[in-house]
Amino acid sequence: GRHLADIVVIEFEHILRVAVDVSRCRLVTEHLEPNLDDATLEHLLLDQLVPRIRAHLGETIIHAAAVSREQRALLLVGDSGQGKSTLSASLAAHGC
């Protein structure tokens, strides 16, 4: 049977609430803000929900941005809102 630990519930501040049965890879319940646009829904599912489920299953998740040049890459790792994307965009814009 199902165990409570197999159910992951994630809520995004009254926008989206989902319960996922990770043992069966199935969405159990969802509550969706009626005016939620497709781009935001895609971001919440792919960039937020999927990594949390994968971490729950024991996978290592790295929150990062990267820039590359001539067979080399720089990986910027850190918490959300720390400027990884801003820095990587600036480096790329300046040819780094």
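Residue positions are counted from 1 within each chain, in the order its sequence is given. This being a predicted model, a pLDDT of at least 70 is required before a residue's local features are given, and a value of 80 or more before pairs of side-chain atoms are given or counted; all residues contribute to the totals for chains, interfaces and linings. Side-chain numbers here rest on the full set of heavy atoms in the structure, without hydrogens or water.

J.: Tell me about the sheet that holds strand β2 (residues 16-21), and please be specific about residues and values.
T.: Taken together, three strands build an open sheet; the order of strands is β1-β2-β3 and the sheet is antiparallel. Bordering the open sheet on either side are β1 (7-12) and β3 (26-32), each of which pairs with just one other strand. Adjacent strand axes in the sheet meet at a mean angle of 10° when their direction is disregarded. Pairing of β1 with β2, which is carried by six bridges, proceeds in the antiparallel orientation. Directly across from Phe12, in β2, lies its bridge partner Leu16. Each of β1, β2 and β3 is contacted by helix α1 (residues 38-56), which is oriented at about 145° to β1, the strand it contacts most. DSSP-based pairing: two strands are paired if at least 2 bridges between them are found. In this description a helix means any DSSP run of H or I spanning at least four residues, a strand means any run of E spanning at least two, and both kinds are numbered starting from the N terminus. Structural elements are reduced to axes, namely lines fitted to C-alpha atoms, with helices fitted over the stretch in contact, and the angle between N-to-C directions of any two is expressed from 0 to 180 degrees. By definition in these notes, contact holds between two residues if any of their heavy atoms fall within 4.5 Å.

J.: Let's hear about the pattern of salt bridges: which residues, and what values?
T.: Criterion for a salt bridge: a side-chain nitrogen of Lys or Arg within 4 Å of a carboxyl oxygen of Asp or Glu. According to the stated counting rule, one finds one salt bridge in the structure shown. Put simply, Arg54 and Glu59 hold a salt bridge, and the shortest N to O gap is 2.8 Å.

J.: Mind laying out a negative patch on the surface, listing which residues take part and the relevant values?
T.: On the surface, Asp37, Asp38, Glu42 and Asp47 cluster together into a patch of negative charge. If you trace the backbone, Asp38 turns up in helix α1. Any residue with relative accessible area above 30% and no salt bridge may belong to a patch, with like charges joined within 9 Å and the nonpolar Val, Leu, Ile, Met, Phe, Trp and Tyr side chains within 5 Å. Exposure was quantified through the Shrake-Rupley algorithm and a 1.4 Å probe, taking into account, for residues, occlusion by the shown protein chains and nothing else. Lys and Arg are tallied as positive, Asp and Glu as negative. Neither His nor the chain termini are counted. Every charge is mapped onto a representative atom, which is NZ of Lys, CZ of Arg, CG of Asp or CD of Glu.

J.: Help me get a handle on the nonpolar core, residues and values and all.
T.: By size, the foremost hydrophobic cluster in this structure holds 10 residues: Val8, Ile10, Phe12, Leu16, Val18, Val20, Val22, Leu44, Leu49 and Ile53. For this core, the elements supplying multiple residues, two or more each, are β1, β2 and α1. Apart from residues lying up to four places away in sequence, Val8 is in contact with Val18, Ala19, Val20, Val22 and His56. Take the buried residues of types Ala, Val, Leu, Ile, Met, Phe, Trp, Tyr and Cys, join any two whose side-chain atoms come within 4.5 Å, and each joined set is a nonpolar core. Relative accessibility thresholds used throughout: buried, under 20% of the residue-type maximum; exposed, over 50%; partly exposed, between the two (1.4 Å probe, protein chains only).

J.: Give me the lowdown on the pairing of strand β5 (residues 72-77), citing residues and values where you can.
T.: Here strand β4 (residues 64-69) pairs with β5 via six bridges, running antiparallel. Looking at β5, one finds that Val67 is bridged to Leu74. Counted along the chain from β4 to the antiparallel partner β5, the turn is two residues long, and its residue Glu70 has a positive phi close to 45°.

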